[in-house]
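# Analysis of the macromolecular model
Listed below are the residues making up each chain.
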Amino acid sequence: MTDSKYFTTTKKGEIFELKAELNSDKKEKKKEAVKKVIASMTVGKDVSALFPDVVNCMQTDNLELKKLVYLYLMNYAKSQPDMAIMAVNTFVKDCEDPNPLIRALAVRTMGCIRVDKITEYLCEPLRKCLKDEDPYVRKTAAVCVAKLHDINAQLVEDQGFLDTLKDLISDSNPMVVANAVAALSEIAESHPSSNLLDLNPQSINKLLTALNECTEWGQIFILDCLANYTPKDDREAQSICERVTPRLSHANSAVVLSAVKVLMKFMEMLSKDLDYYGTLLKKLAPPLVTLLSAEPELQYVALRNINLIVQKRPEILKHEMKVFFVKYNDPIYVKLEKLDIMIRLASQANIAQVLAELKEYATEVDVDFVRKAVRAIGRCAIKVEQSAERCVSTLLDLIQTKVNYVVQEAIVVIKDIFRKYPNKYESVIATLCENLDSLDEPEARAAMIWIVGEYAERIDNADELLESFLEGFHDESTQVQLQLLTAIVKLFLKKPTETQELVQQVLSLATQDSDNPDLRDRGYIYWRLLSTDPVAAKEVVLAEKPLISEETDLIEPTLLDELICYIGTLASVYHKPPSAFVEGGRGVVHKSLPPRTASSESTESPETAPAGAPSSEQPDVIPTQGDLLGDLLNLDLGPPVSGPPLATSSVQMGAVDLLGGGLDSLIGGPNFVAPPAAAVPANLGASMGSGLSDLFDLTSGVGTLSGSYVAPKAVWLPAMKAKGLEISGTFTRQVGSISMDLQLTNKALQVMTDFAIQFNRNSFGLAPAAPLQVHAPLSPNQTVEISLPLNTVGSVMKMEPLNNLQVAVKNNIDVFYFSTLYPLHILFVEDGKMDRQMFLATWKDIPNENEAQFQIRDCPLNAEAVSSRLQSSNIFTVAKRNVEGQDMLYQSLKLTNGIWVLAELRIQPGNPSFTLSLKCRAPEVSQHVYQAYETILKN
């Protein structure tokens, strides 16, 4: 008889009967009683009152009974922690049982009892089980460490379990290795900063050896771990790929996708000229095709992943178009996904096949699918130029079917085709106009209105057609109203005499009778343009439109690279990085593909900042775009400041000219005049000689030949935050002039042009001395190096920290903001050497409370080397003496705004630690001068 009988009883007073049975001397009766208890627990009855009686049954050799008792324990230990301690002795005993199954069962249950009081008692048994002779016990103990870490991370680290886990990666048994990797990965996820899985070629070799012999889920853990490793060169990458490739033929789809992830990541490092690269591409196609013969839910996950793979490497599946043809019994979500991939794979070679298929789909019964199919025909026309004519004739055939939603979708698509191929297919306009009355969807009506307005000169009755839409103007959606307004203005500019009344009517409707701010604003702009300068209006409204790009729905390259690293996970189904949908305390690490080898084009990711770049120190001062929006109004975006240095500059913090200059110059306003330099308030001029006022006394130094230390370039603006534009840079001072050395990289899909740059007000008045010169358009994946000369005669405003610089960069896509810290030594001028008498007098004159002391450690230079190194960065030694075996250097430097800083540097020969004392009238500067000393002496 089955165990179902235990679930059918509804007797009252059961607990007392069970209590008696649990304490029975007969083993069979005991087992029956425990089964009844578990059954009651399963259906939701409270049997916690039987806790002590069930725990007494633990002392048994019967494995089945022990399992049942452990099951009960796991369920009730949390609500009865004091009673659960009674079971600890049995656990400890069971962990030394001769039967490995019982040892493993004990250690597994220990991990599942999430009670703080008990965990410390379980450390010893767990330590023994991690070193057990039986691999089954070891693999169970490895997972138990991860569970214990979740309850009490500190305890696991103190007990040294993490080191034991790392040792298990070298275990002889593949299942133990897989579980150790799984446990370490789990722990590493909750502590992204810790380097637990310290992978090196030796440990990778052990993982690859274990890969062939462990279970399918073990293989997934190992493959996911391999995907986080970056090989040192292309040979190692190829060797790993060769050993991972056999996993592609595995029956489990999760193993296949994990293997594909590893191969896609490491292919990035292989040169396309290698024979092996071609072989690997051929091997990747069959497993992906096989995934499409699974059940619909699995197909959908596979298709979402294939969508990413095809965007990254379309050549993998270019010959497999037929497998993406839709079957009549596919669910709608699979159909739509297949359609998307078909368009991505469409090329001149297979377009005839694809179009025949799409035309067939357009006669289906599922409305959503038909719409998508008609849209797909338009996308094919835009993608494959040679097929455009065939696509247009297919769309006309579909319009002739007079099926309402097909006609409307076709008109939306034809509008895009007109944008891509101007003056080529306008002959079809007459056919489109015949269907005007049947359009009832906003998008289709807006598309038709755009066509009529754009080609008004070819349509005899354009004014009548647009007037028919105008009758119900206020009932239309905003999209249609905006389009109608623009179309009628276009019509007026093309046929002014016939349509004056019409344009006045629409402008009045848009501005006086509408409460939609967008519509009103557009109406007023047109009204003013037409009334003040009709020629300018013509240039604006009838300007030549840029051609639309063939792939508007591709995922942005940096995001695509990140998603490739998440193939086979939820991120690859959502097409979003984990940070977009995972909440909670677990740190989500941004992953990126490894940089390409030298043999193929470089696609360095923003995460791989140059070695030694101070990127790790920057995030605390780099504001997010949100923080900078308030500052956008403060950005004085006038033309670059040049000319003689100002003697002084206004330091009024409150009176910020919010719109002075505005965005005009950045966006290229024609009549922009630079705002005049602010005058100095009379009372400010008098007190400029002392105290903090010195900070804003802008006098410029005289230039002599010098070359100060230049820091390596760091990424200032990652591509992910700037729609594909990545900006790296550093600051230099050469021969008395300061420059910002920039490296601009285009990681987007479109060409970037019209670059301009502007700085916000800052502590030392840094400003561009010339426009940002990018001579040629920046194509996708292209990098350009630019040196932007700077001066120090810009507007001054004290920043926090003092050397913070907020920058706005504009291109044809958008305006982007970032913030960076400039090293203070670029402001040390060449005439910063004081004579001895002046040095002594000034040192005494500056109050003692302005003196700051710092330690410079780990600097093995002698006094001579220190002096010469500092002099190259305009820190001058005024005098040197030896006091009690110590070298004392007295030094001076001067900042671009006239502030003097005096220094005393004590160097004990043989001791790599120096003492630096700084005196300055503006003590805020001292910390940054000390940092400059550190930077110059240690690099």
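No experiment lies behind these values; they were computed from the predicted model shown. (Residues numbered from 1 in each chain as written. Predicted model: local features only at pLDDT ≥ 70, side-chain atom pairs only at ≥ 80, totals over all residues. Heavy atoms only, no water.)

With antiparallel pairing, 3 strands are arranged side by side in an open sheet as β4-β7-β8. A single partner strand is all that each edge strand has here, and the edge strands are β4 (756–759) and β8 (815–821). The mean inter-strand angle of the sheet, taken between neighbouring strand axes irrespective of direction, is 25°. As judged from the 7 bridges shared by strand β7 (residues 804–810) and β8, these two strands associate in the antiparallel manner. Pairing of Leu-805 across the sheet is with Thr-820, part of β8. (Pairing = 2+ DSSP bridges. Helix = DSSP H or I, 4+ residues; strand = E, 2+ residues; numbered from the N terminus. Axes fitted to C-alpha atoms, helices over the stretch in contact; angles between N-to-C directions.)

Let's shift gears to the side chain of Asp-171. Inspection of the secondary structure assignment puts Asp-171 in the loop between α12 (161–168) and α13 (174–190). Since its relative accessible area comes to 18%, Asp-171 is described here as buried. From its side chain, Asp-171 meets the backbone nitrogen of Asn-173 in a polar contact 2.8 Å long. When neighbours within four sequence positions are excluded, Asp-171 is seen to be in contact with Arg-138, Val-176 and Val-177. (Buried < 20%, exposed > 50% of the residue type's maximum accessible area, 1.4 Å probe, protein only. Polar contact = N/O pair within 3.5 Å; in protein donor to acceptor, adjacent residues only side chain to side chain. Contact = heavy atoms within 4.5 Å.)

Looking now at the nonpolar core. The nonpolar side chains of a soluble globular protein tend to be buried, and buried together. If you look at the biggest cluster of nonpolar residues, it comprises 213 residues, and the most contacted ones within it are Tyr-72, Leu-126, Val-244 and Phe-418. Phe-418 has contacts with Tyr-425, Glu-426, Val-428, Ile-429, Leu-432, Trp-450, Ile-451 and Tyr-455, leaving out every residue within four places of it along the chain. Core analysis: the next-biggest nonpolar cluster, separate from the first, contains 64 residues, Ile-757, Phe-759, Leu-805 and Leu-893 among them. (Core = buried A, V, L, I, M, F, W, Y, C linked by side-chain atoms within 4.5 Å.)

On to the environment of Leu-165. For Leu-165, the position within the fold is in helix α12. Sequence separation of Leu-165 and Arg-138 is 27 residues, and the distance between their C-alpha atoms is 9.9 Å. Look past the residues within four positions of Leu-165 in its chain and what remains in contact with it is Ala-142, Val-145, Ala-180, Ala-183, Leu-184 and Ile-187.

Within helix α37 (residues 836–845) the residues assigned to the buried category are Phe-839, Thr-842 and Trp-843. Projection of α37 onto a plane perpendicular to its axis shows the buried side chains occupying an angular sector of 105°, all on one side. Summarising the geometry of α37, the exposed residues directed more than 90 degrees from the buried face are Gln-837 and Lys-844. For α37, the capping residue at the N-terminal end is Asp-835, with a side-chain oxygen 3.2 Å from the backbone nitrogen of Gln-837. (Arc of directions from axis to C-beta.)

Next up on the list: the sheet that holds strand β5 (residues 767–768). Within the open sheet, the 5 strands sit side by side as β1-β2-β3-β6-β5. Their pairing is antiparallel. Looking at strand neighbours, the two that pair on one side only are β1 (714–717) and β5, the edges of this open sheet. Bridging between β5 and strand β6 (residues 783–791) involves 2 bridges; their strand directions are antiparallel. The partner of Ala-767 across the bridge, within β6, is Asn-791.

What follows is about unusual backbone geometry. Cis geometry marks the peptide bond from Glu-800 to Pro-801; its omega dihedral reads -5°. Tracing the backbone shows Pro-801 in the loop between β6 and β7. At Asp-858, a residue that is not glycine, the phi angle is positive and equals roughly 55°. Looking at where Asp-858 falls in the secondary structure, it is placed in the loop between β9 (851–856) and α38 (863–871).

Attention now goes to the pairing of β4. Residue alternation in β4 divides its side chains into two sets, Ala-756 and Gln-758 and Ile-757 and Phe-759, and both sets are buried. Of the pairings in the sheet, the one linking β4 to β7 comprises 4 bridges and is antiparallel in character. From the neighbouring strand, Phe-759 faces β7, where its bridge partner is Val-807.

Moving on, we get to the packing of helix α26 (residues 442–454) against helix α28 (residues 478–494). Following both chains from N to C, one finds α26 and α28 inclined at 10°, their axes separated by 8 Å at the closest point. By the angle between their directions, the pair α26 and α28 is classed as roughly parallel. Judged by residue contacts, Pro-442, Glu-443, Arg-445, Ala-446, Ile-449, Trp-450, Gly-453 and Glu-454 of α26 engage Gln-479, Val-480, Gln-483, Leu-484, Ala-487, Lys-490 and Lys-494 from α28. Among the residues forming the contact of α26 with α28, the class breakdown is 7 nonpolar, 3 polar and 5 charged. (Parallel < 35°, antiparallel > 145°, perpendicular 65-115°, else oblique. Nonpolar A, V, L, I, M, F, W, Y, C, P; charged D, E, K, R; others polar.)

Looking now at the packing of aromatic side chains. Considering all chains together, one arrives at 13 aromatic pairs under this definition. With a centroid separation of 5.5 Å and an interplanar angle of 90°, the aromatic rings of Tyr-300 and Tyr-333 are classed as edge-to-face. Taken together, the residues span a long stretch of sequence, with Tyr-300 in helix α19 (residues 296–312) and Tyr-333 in helix α20 (residues 332–345) at a distance of 33 residues. Exposure remark for Tyr-333: the relative accessible area of 34% places this residue in the partly exposed category. Seen from their ring centres, Phe-731 and Tyr-822 are 6.1 Å apart, and the 70° between their planes marks the pair as edge-to-face. Of this pair, Phe-731 sits in strand β2 (residues 725–734) while Tyr-822 sits in the loop between β8 and α37, placing them 91 residues apart in sequence. Accessibility expressed as a relative area gives 0% for Tyr-822, which makes it buried. Clustering of aromatic rings is evident, with ring pairs tying together Trp-716, Phe-731, Phe-764, Phe-818 and Tyr-822. Positioned above the aromatic ring of Phe-369, the side-chain terminus of Lys-335 is 5.2 Å from the ring centre. (Phe/Tyr/Trp six-rings, centres within 6.5 Å; stacked < 30°, edge-to-face > 60°. Lys NZ or Arg CZ within 6 Å of the ring centre and 35° of its normal.)

Viewed as axis vectors pointing N to C, helix α30 (residues 517–532) and helix α31 (residues 534–541) meet at an angle of 135°, and their least axial separation amounts to 6 Å. In terms of their interaxial angle, α30 and α31 are classed as oblique. Only Pro-534, Ala-536, Ala-537, Val-540 and Val-541 of α31 make contact with α30, whose side of the interface consists of Tyr-526, Leu-529, Leu-530 and Thr-532. Grouping the amino acids of the contact of α30 with α31 by side-chain chemistry returns 8 nonpolar, 1 polar and no charged.

Next up on the list: the confidence of the model for the protein chain. Residues with a pLDDT of 70 or more make up 85% of the protein chain, whose mean pLDDT is 80. Mean pLDDT across the elements of the protein chain ranges from a minimum in helix α35 (residues 664–667), with 35, to a maximum in β5, with 93. Across residues 598–706, where pLDDT falls below 50, the model places 184 contacts with residues more than four positions away in sequence or in other chains. (pLDDT = per-residue confidence, 0-100.)

Let's shift gears to the pairing of β2. Across the 10 residues that make up β2, a large majority, 9, are buried. Examined bridge by bridge, β1 and β2 share 3 bridges and lie antiparallel to one another. Within β2, the residue paired with Leu-717 across the bridge is Ile-727. As paired elements, β2 and strand β3 (residues 737–746) share 10 bridges and run antiparallel to each other. Bridge pairing in β3 places Thr-732 opposite Ser-739. Adjacent in sequence and paired antiparallel, β2 and β3 are bridged by 2 residues, among which Val-735 carries a positive phi angle near 45°.

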